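Structural overview for review
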Amino acid sequence: MKPRNTGRAKPQSCCFGLLAVIFLISLSYLTMSKTSMLRFSVGIFVLLSHIKLPPITNGNTSAMASDVHPVAEDSSIRSQGLETEEAELGRSLACELKDGQCEADHGKMVVKNSSTIVDQDPTRAMTSSEELVFNEEEKRDGVKPGRKPICDLSNTKSDICEADGDVRIIGKDTRMIYVANSAFSNRETGESWTIKPYARKWDKGSGAKVREVTMKLVKSHGEDKHCDVNHTVPALVFAIGGWTGNFFHDFADVLVPLFETSYHFEGEVQFLIANIKPLWIKKYHKYFEKLSRYEIIDYDNDDRVHCFKQVTLGLRCDQGDFTINPSKDPYGYTMADFTKFTRSAYSLKRDHPVRPGEQAGKKPRILIVTRKATRKFMNVKEIVRMTKKVGFNAVVTEADANISRFSQVVNSCDVMMGVHGSGLTNIVFLPTHSVVIQVVPWGNLDWIAGNYFRDPSSQMKLHYLEYSINEEETTLSELYPRDHAVFKDPMSLHHQGWDTFSRIFLVEQNVKLDVRKFRPVLEHALQLLHEQQYS
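A brief report on the enclosed structure follows. Model, not experiment: these values are computed from the prediction.

We note that Phe322 has phi near 65°; this positive angle belongs to a residue other than glycine. Examined against the element boundaries, Phe322 turns out to sit in the loop between β18 (305-313) and α9 (335-345). In this structure, Ser347 is a non-glycine residue whose phi angle is positive, near 55°. Of note, Ser347 is situated in the loop between α9 and β19 (365-370).

Counting buried positions along α9 yields eight of eleven residues, so the element is predominantly enclosed. Met335, Ala336, Phe338, Thr339, Phe341, Thr342, Arg343 and Ala345 are the residues of α9 that are buried. In this fold, the buried residues of α9 make contact with α6 (247-262), α8 (285-291), α11 (403-411) and α12 (446-459). Residue Thr334 occupies the N-cap position of α9, its side-chain oxygen lying 3.3 Å from the main-chain nitrogen of Ala336. Note on α9: the residue one or two positions beyond its end, Ser347, has a positive phi of about 55°.

Between α6 and α9, the least distance of the axes is 10 Å, while the angle of their chain directions is 90°. By the angle between their directions, the pair α6 and α9 is classed as roughly perpendicular. The segment α6 lies against α9, with Phe251, Leu255, Val256 and Phe259 engaging Met335, Asp337, Phe338 and Phe341. When the residues that make up the contact of α6 with α9 are grouped by side-chain class, the tally is seven nonpolar, no polar and one charged.

Attention shifts here to the packing of aromatic side chains. In this structure the tally under the stated criterion is 29 aromatic pairs. For the pair Phe248 and Phe453, a centre-to-centre distance of 5.7 Å together with 70° between the ring planes defines the contact as edge-to-face. Of this pair, Phe248 sits in helix α6 while Phe453 sits in helix α12, and the two are 205 residues apart along the sequence. For the pair Phe248 and Phe453, a shared accessibility class is recorded, and that class is buried.

Take the pattern of salt bridges next. In total, this model carries 21 salt bridges according to the counting rule given. With a shortest N-O distance of 2.9 Å, Arg168 and Asp166 are connected by a salt bridge. Taking the relative accessible area as the measure of exposure, Arg168 reaches 8% and is therefore buried. Of the charged contacts in the structure, one is a salt bridge between Asp400 and Arg405, with a shortest N-O distance of 2.8 Å. The class for Arg405 is partly exposed, based on a relative accessible area of 48%. Three or more residues are tied together by salt bridges with common partners; here these are Lys157, Arg200, Asp203, Asp253 and Asp321.

Looking now at the pairing of β19. Counting buried residues along β19, five of its six residues qualify, which places the element largely inside the surrounding structure. In terms of strand pairing, β19 meets strand β20 (residues 393-398) through six bridges, oriented parallel. Residue pairing for β20: Arg365 is matched across the bridge by Asn393. The parallel pair β19 and β20, bridged by helix α10 (residues 380-390), forms a crossover whose chirality is right-handed.

Mapped onto the fold, Lys309 is located in strand β18. Residue class for Lys309 comes out exposed when judged on its relative accessible area of 60%. C-alpha separation for the pair Lys309 and His231, spaced 78 residues apart in sequence, amounts to 7.9 Å. In this structure, Lys309 is in contact with Ala163, Asp164 and Gly165, ignoring residues within four places of it in sequence.

The rules behind these values
Position numbers for residues start from 1 in each chain and track the written sequence from start to end. Only residues with pLDDT of at least 70 are given local features in this predicted model, and only at 80 or more are side-chain atom pairs given and counted; all residues enter the totals for whole chains, interfaces and linings. Here the side-chain values reflect all heavy atoms present in the structure, with hydrogen atoms and water set aside. Secondary structure elements follow DSSP: runs of H or I no shorter than four residues count as helices, runs of E no shorter than two count as strands, and numbering proceeds from the N terminus. When a residue's accessible area, from a 1.4 Å probe over protein chains only, is under 20% of the maximum for its type it is buried; when over 50% it is exposed; and in between it is partly exposed. A contact between two residues is defined here by any heavy atoms of the two lying within 4.5 Å. Polar contact is the term for a pair of N or O atoms within 3.5 Å; when the atoms are in protein, one must be able to donate a hydrogen and the other to accept it, and sequence-neighboring residues count only if both atoms are side-chain atoms. For helices, the fitted axis covers only the stretch in contact; all axes are lines through C-alpha atoms, and the angles between them, taken along N-to-C directions, range from 0 to 180 degrees. Roughly parallel means an angle under 35 degrees; roughly antiparallel, over 145; roughly perpendicular, 65 to 115; everything else is oblique. Any residue that is not Ala, Val, Leu, Ile, Met, Phe, Trp, Tyr, Cys, Pro, Asp, Glu, Lys or Arg is counted as polar, Gly included; the first ten are nonpolar and the last four charged. Stacked, edge-to-face and tilted labels apply to pairs of Phe, Tyr and Trp rings (six-membered ring for Trp) whose centres lie within 6.5 Å, assigned for plane angles under 30 degrees, over 60, and everything in between, in that order. For this document, the term salt bridge refers to a Lys or Arg side-chain nitrogen within 4 Å of an Asp or Glu carboxyl oxygen. We call two strands paired when DSSP finds no fewer than two bridges between them. Classification remark: right-handed applies to a crossover when, strands pointing away from the viewer, the course from the first strand over the helix to the second runs clockwise.

Below, the structure written as structure tokens:
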């Protein structure tokens, strides 16, 4: 009997043994997710494609084991096959909006929003519409992988698109093009996204005043789209249309979203603004100069081709008005961060209000914001006398269009009070932990009062107090009988639409404050200042 040769293995035995092992392992994966099955099956295919089975030679066993070529990793198959197939799965997932997020459970793939897919397999992170695409030549040359533009259209208030790569912004033409590299498929090129880059998209009235901007994915930029200007910093494209010019909307629709979208660039960002208003820009120039070190480009009147490697189209914002949701903001910003930034931009010195009695002879200051036309106080002198009795020094003024000057006045005060209206937007200049008193007109205006100023005040770390007037304190009693719906059923007038609602409760109404009833509110404000805890 010939001794067994233990130094060599028969090629057929090795190969068939290897196949048997692979088969047994694959059975153990039957309980895995579809995505894992896909990854494994592709891996088997890659492995088998590199095994060169020796020919059957009628029992001739002279072939050496070295004739079985080692399995080599094929990076082109890995990047262009596996990654692409998984990304295709991601794009095909159906999802349903729940609480502002898109969620689905398909083979353990969960869509958290319109642009990101989180795989519950912790060994891999993958994106959906922004999946990385690249080829061997680009990898070898160290080229950053191209990334498909991402557009998040899920926010009810604002759309936003982001793109990294070769982005060419064509002035006057309301277009920007993203030039795809060679790894993009023909099916992907030609896709486009058109949005109005103003943070109030649900409001048709405001949207009518904002131009549309289109971002398109193209295969080639064409002869007429050569770069006139190459930029080394990212671009942010947005509009100043809509209701800008109203002080509240200036902040809620533009300045707060602009801070939220651009502050992390630390000034290294180029603004391109559509529907530009030179006087409006001048009014808020300190915000723009603090957020960007570069001269603003008028998107409507610049016919040059501007080329960028990173572009954001539209402004990121919370779905509420005049608020920031730190849990959804990628950088965790808050309204308190915005007010701190505002105080810095306008060189406001006071970060905290005075504590009564802390400085001998110095009383806390209360700012009474008056109005000339509608919802104005009819008895300002009485109000001032009552504030002095309680222990305040009163400052009475209407909001000033000169923000640099008026912000100093606001910041010098510890309490600010006024009837619901855009003048209360000046709370952004108050020291942290100051007190805001909103006087709410007659007419079931609780939702407006809360959405516009109650909620934002708390986010700004201000103490918020509210006083709702009764039917004896409104001048509507001089215009309508007491049995009218204005007094008996105000909500029925709300249901008649904005025109009727605003005409009666916002335009026709003024306020005669019952100062005796109002006194406890002033005393509460003073007590809050006494209890102040600075941090």
